[in-house]
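For reference, the chains in residue letters:
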Amino acid sequence: MNDLADALAADRETDLAGAELPAADLVALLTAPAPPGAPALRLRRATVTGALRLCGARVGVPVELRECTFAHVPDLRMAELAGLALTGSRLPGLRAGNLRVAADLLLDDGFDAAGPLDLTDAQIGGSLRLSAGRLRAGAVADRVVVEGTCYARRLRADDEVRLPGARVTGNVDLAGAVLSSPTGDALDLTGVTIGGSMLAGRHATGPTFTARGRVRLAGARIGGDLVFSGAEIASTTIPDPAEDAPEGSRAPVLPAGIVDPAACLVGDRMHVEGNLELDDGLRTTGTLRLPNAVIGGYLRLSGAQLASERGIALLADGMEVGGDIEGRDTGRGPFSCAGQVRLVDATVRGTASLSGARLATPDGYALLGDRWHVGGELYLRRLRCEGTLRMQNVEVGATLDCAGAVLTRPRLRPDGTLRPSLDLRAAAIGKDLVCVEGFTAAGGVRARVADVHKSVQFVDATLGTSGRTRYALNLYGLTTIDLLLLPAAPPAGAVRLTAARVGTFTDAEELWAAEGGVTVDGFDYQTIVDTRITDTRTRLHLLEQATGDYAPGPYEQLAAAYRRAGHEDLAERVLMTRQVRRYREAGPAGRVWGALQRWTVGFGYQPWLAVCWLVLAWLLGALWFVGHVPTPVDDGQHPVFDPWIFAADTLLPIVNLGQDGYWRLAGASQWIATGLDVVGWILATTAAAGAARILKRV
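Here's a quick rundown of the structure.

Conventions we followed
- Residues numbered from 1 in each chain as written.
- Predicted model: local features only at pLDDT ≥ 70, side-chain atom pairs only at ≥ 80, totals over all residues.
- Heavy atoms only, no water.
- Buried < 20%, exposed > 50% of the residue type's maximum accessible area, 1.4 Å probe, protein only.
- Patch = residues over 30% accessible without salt bridge, like charges linked within 9 Å, V, L, I, M, F, W, Y side chains within 5 Å.
- Areas by Shrake-Rupley, 256 points an atom, 1.4 Å probe, with all protein chains shown as cover.
- Salt bridge = Lys/Arg side-chain N within 4 Å of Asp/Glu carboxyl O.
- Helix = DSSP H or I, 4+ residues; strand = E, 2+ residues; numbered from the N terminus.
- Arc of directions from axis to C-beta.
- Phe/Tyr/Trp six-rings, centres within 6.5 Å; stacked < 30°, edge-to-face > 60°.
- Pairing = 2+ DSSP bridges.
- Core = buried A, V, L, I, M, F, W, Y, C linked by side-chain atoms within 4.5 Å.
- Contact = heavy atoms within 4.5 Å.
- Polar contact = N/O pair within 3.5 Å; in protein donor to acceptor, adjacent residues only side chain to side chain.
- Disulfide = S-S within 2.5 Å.

Quick notes on unusual backbone geometry
Here the phi dihedral of D121 falls at roughly 60°; this positive angle occurs in a residue that is not glycine. Its relative accessible area of 23% is what places D121 among the partly exposed residues. Positive phi, close to 55°, is recorded for D460, a residue that is not glycine. Given the relative accessible area of 39%, D460 is considered partly exposed.

Right, dumping it as structure tokens:
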């Protein structure tokens with residue numbers, strides 16, 4: 001005892017080399033008035049016998065008990081110490097609720113607690129160091145306050161580590177820590193406040209952060225970054241997804257609440273001022289929950305590997321990201337997700353990139369992003385997806401780029417047919433929708449009543465699966481300036497352009513050869529660009545082939561587009577073709593009447609043909625009357641008969657050439673004259689209407 005007092009006065013470390021030290025002597029030394037100027041009690045390799053009870057005690061000097069062994073659980077509840085170091089010490093547990101430490105609390109570098117470590121409501125004026133420590137029964141540190149940094153690098157814990165409501169002024173560093181829990185929660189940081197960053201990734205010289213059990217960060221506030229780069233987090237209590245799934249449902253049941261047993265990381269309502277880094281080889285098993293989380297900077301997912309037996313791998317409904325979502329391959333491999341990604345009502349103020357990502361929820365929703373708001377571009381380039389990408393009512397400020405994406409095994413309907421692989425119903429896109437460079441959608445694409453401000457491009461795309469897709473491309477009610485439909489092969493399903501409104505329409509023969517036809521009722525376009533279909537006759541044939549029943553709208557729309565482009569002759573050809581088809585499908589009488597109009601007056605669109613028939617009728621009539629001169633009505637007037645003028649006077653309505661009305665016609669001559677009169681009225685009216693259209697164009 002005297003030797004320890006002398007060592008304390010001389011600021012000398014005492015190495016007992018395993019010798020026993022009664023706990024009562026140590027308590028007496030620590031609670032006695034400290035010698036003047038004594039800096040610290042430094043003791044190494046002591047075996048403390050008996051119970052070290054400092055409950056409510058006030059120790060005026062820092063205490064360093066390094067590599068010591070305690071036979072009983074030290075009781076430091078409500079004690080006040082200038083500083084405490086138990087570095088490398090072994091003890092059956094530690095009771096330190098409401099402990100006050102003015103400086104650092106060191107429980108590191110070989111510190112080994114066989115029983116629970118209790119720091120409930122403790123206040124630490126410096127840093128809390130747990131690095132390379134071992135907590136065999138976990139730790140309870142509810143509402144602990146650390147004015148410095150919490151270091152827990154390479155910490156090993158065999159039971160839950162609890163810090164709910166904790167407040168740490170600096171960083172929380174868990175790099176390389178290995179936490180395991182048989183009860184489900186490996187690390188509980190619910191409601192913590194961290195002034196700096198939380199680092200739970202790879203350690204420079206050790207393993208990566210590993211949690212075998214839930215990591216709970218619900219309601220946490222982190223002033224810097226939250227880093228799980230390269231970490232491994234696995235839920236240990238994943239239930240059978242069939243237990244509560246509705247019968248016949250292929251949609252994963254939405255986990256409710258932070259007690260979700262399938263979750264591996266719970267970040268509900270979490271607020272991170274900096275970046276959230278879930279990248280660089282992060283591996284998770286279970287649901288990664290981020291609903292209503294607020295991320296001030298970036299969300300990085302590049303190289304992450306998420307998986308969930310429950311069905312939802314990433315749940316981020318209502319999440320707000322102030323920067324970008326970065327999920328493209330940056331050298332650590334692609335972002336891969338075996339389970340659904342949910343981003344319903346999420347907001348990303350910057351750009352979101354999942355280019356090259358691998359999503360797998362076969363026959364279900366791989367990405368559920370209804371009402372997702374992206375301020376910049378949304379990149380899905382070279383995405384490989386088994387399942388449906390459903391983004392109904394999505395808002396993208398710039399371009400949605402799906403170039404080279406391959407979407408297979410979409411969600412199924414009850415009848416076994418495929419739902420759309422890409423569902424953009426009611427989407428609002430600020431610039432372009434780009435599906436080019438081998439884009440493939442086994443279930444087709446639905447962009448019903450979507451609003452795309454610049455262009456929609458399907459170039460060299462493969463759409464639908466033969467016999468299993470209702471609509472290979474459903475653009476009902478689409479609004480855009482440029483629509484390019486140049487598929488690599490005929491769509492394996494119907495193409496629906498009904499009620500779409502576009503400025504410029506560019507198509508290809510493959511489009512019109514769609515397996516289920518092309519529906520164009522109410523399809524309104526201002527200009528048509530002939531890039532692959534240069535022959536109007538071919539275009540009309542394709543239009544007839546694609547539309548099952550006759551409807552005038554598609555022909556009138558095509559004719560109007562030709563007129564706006566200055567091709568009046570092509571417009572009239574289209575309208576004539578419309579009439580031909582109309583009468584051909586109107587029954588025998590209709591076909592006869594249509595053929596008569598076509599060859600006599602060209603349905604009124606070829607006035608020169610009417611003039612030719614007028615001339616022919618005049619010649620035939622004149623030749624008849626050359627050999628069949630009628631008798632005068634009144635011999636006293638002595639009229640002179642001219643068969644050529646008489647035929648013209650009979651044929652031309654309104655015009656009076658002085659021959660009509662002076663001759664008595666009977667028999668065949670009377671019928672021929674009447675026929676000339678009827679033919680004249682019909683053909684002259686048609687010729688006049690055609691001439692009027694020509695003069696109007698001039």
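Observations regarding a nonpolar patch on the surface
Together, V615, L616, L619, L620, L623, V626, W644 and I645 give the surface a local cluster of nonpolar side chains, amounting to about 670 Å² of exposed area. Mapped onto the nonpolar patch, the elements with two or more residues apiece are α8 (607-627) and α9 (643-651). Tracing the sequence through the fold places L623 in helix α8. Taking the relative accessible area as the measure of exposure, L623 reaches 53% and is therefore exposed.

Brief notes about the pattern of salt bridges
This structure, assessed with the given rule, holds 31 salt bridges. Among the ionic pairs, R162 bridges to D188, the shortest N-O distance being 3.2 Å. Note that R162 is positioned in strand β23 (residues 161-162) and D188 in strand β26 (residues 178-188), a separation of 26 residues in sequence. Taking relative accessible area as the criterion, R162 reaches 25% and is therefore assigned partly exposed. Note that D317 is salt-bridged to R342, the shortest N-O span being 2.8 Å. Linking D317 in the loop between β40 (305-315) and β41 (320-321) with R342 in strand β43 (residues 336-342), this pair joins segments that are 25 residues apart in sequence. As far as the burial class goes, D317 and R342 line up, both buried. It is possible to trace a salt-bridge network through shared partners that takes in D142, E160, R162 and D188.

Quick look at helix α2 (residues 23-31)
Inspection of α2 places A23, L26, V27, L29 and L30 among the buried residues, and these make up the whole buried set. Looking straight down α2, one finds that the buried residues subtend no more than 165° of arc, so they occupy a single side.

Section: the packing of aromatic side chains
Per the stated rule, a full pass over the model turns up five aromatic pairs. Ring geometry for F439 versus F458: centroids 6.4 Å apart, planes at 65°, classification edge-to-face. Note that F439 is positioned in the loop between β55 (432-435) and β56 (440-441) and F458 in strand β59 (residues 455-459), a separation of 19 residues in sequence. Look at F505 and F523: their rings are 5.1 Å apart centre to centre, the planes differ by 85°, and that puts the pair in the edge-to-face class. Taken together, the positions of F505 in strand β64 (residues 501-507) and F523 in the loop between β65 (518-519) and β66 (524-529) put the pair 18 residues apart, joining distant regions of the chain.

Quick notes on the pairing of β40
Each regular strand carries side chains that alternate between the two faces of the sheet. β40 sits mainly inside the fold: eight of its 11 residues count as buried. Bridge analysis of strand β36 (residues 283-285) against β40 gives three bridges, and the strand direction is parallel. Residue pairing across strands places R283 opposite Q305, the latter belonging to β40. Inspection of the sheet shows strand β37 (residues 287-289) paired to β40 by two bridges, in the parallel sense. In the strand pairing of β40, L288 is matched with L314. Bridge analysis of β40 against β43 gives six bridges, and the strand direction is parallel. Across the sheet, A307 pairs through a bridge with A338, a residue of β43.

Re the pairing of strand β29 (residues 210-216)
Counting buried positions along β29 gives six out of seven residues, so the element sits mostly inside the fold. Both β26 and β29 contribute to a ladder of six bridges, which runs parallel. Along β29, the bridge assignment pairs S180 with R212. Inspection of the sheet shows β29 paired to strand β32 (residues 232-234) by three bridges, in the parallel sense.

Regarding the nonpolar core
Ranked by internal contacts, the top residues of the largest apolar core, which has 168 residues, are M198, F209, F228, W372 and F439. Each residue touching F228, except ones within four places of it in the same chain, is listed here: M198, A200, G201, F209, V215, L217, I233, L265, E277, L278, D279 and L282. Within the second largest apolar cluster, six residues are counted, among which are A403, V434, V436 and V459.

Observations concerning the side chain of D188
Accessibility expressed as a relative area gives 4% for D188, which makes it buried. Here T190 takes part through its side chain, which lies 2.6 Å from a polar atom of the side chain of D188. Leave out the neighbours within four places in its chain, and D188 touches E160, V161, R162, L163, P164 and R216.

Overview of helix α4 (residues 536-546)
The periodicity of an α-helix, 3.6 residues per turn, causes residues three or four positions apart to be oriented the same way. Those residues of α4 that fall on the buried side of the exposure criterion are T536, R539, L540, L542, L543 and A546. Here the buried residues of α4 occupy an arc of 160° about the axis, which is enough to place them on one side. The outward face of α4, more than 90 degrees from its buried face, is lined by the exposed residues R537 and Q545.

Quick notes on the environment of D260
Tracing the sequence through the fold places D260 in the loop between β32 and β33 (263-266). In this structure D260 comes out as buried when scored by relative accessible area, which is 3%. Measuring from C-alpha to C-alpha, the distance between D260 and R289 comes to 9.2 Å, with 29 residues separating the pair along the chain.

Some remarks on the state of the cysteines
Counting across every chain of the model gives zero disulfides. Cysteine C435 is unpaired, with the sulfur of C402 as its nearest cysteine sulfur at 4.5 Å.

Comments concerning the side chain of Q392
Mapped onto the elements of the fold, Q392 is located in the loop between β49 (384-390) and β50 (395-396). By relative accessible area, Q392 is classed as buried at 7%. If near-sequence neighbours (up to four positions away) are discounted, Q392 is found in contact with G369, D370, R371, D423, R425 and R446.

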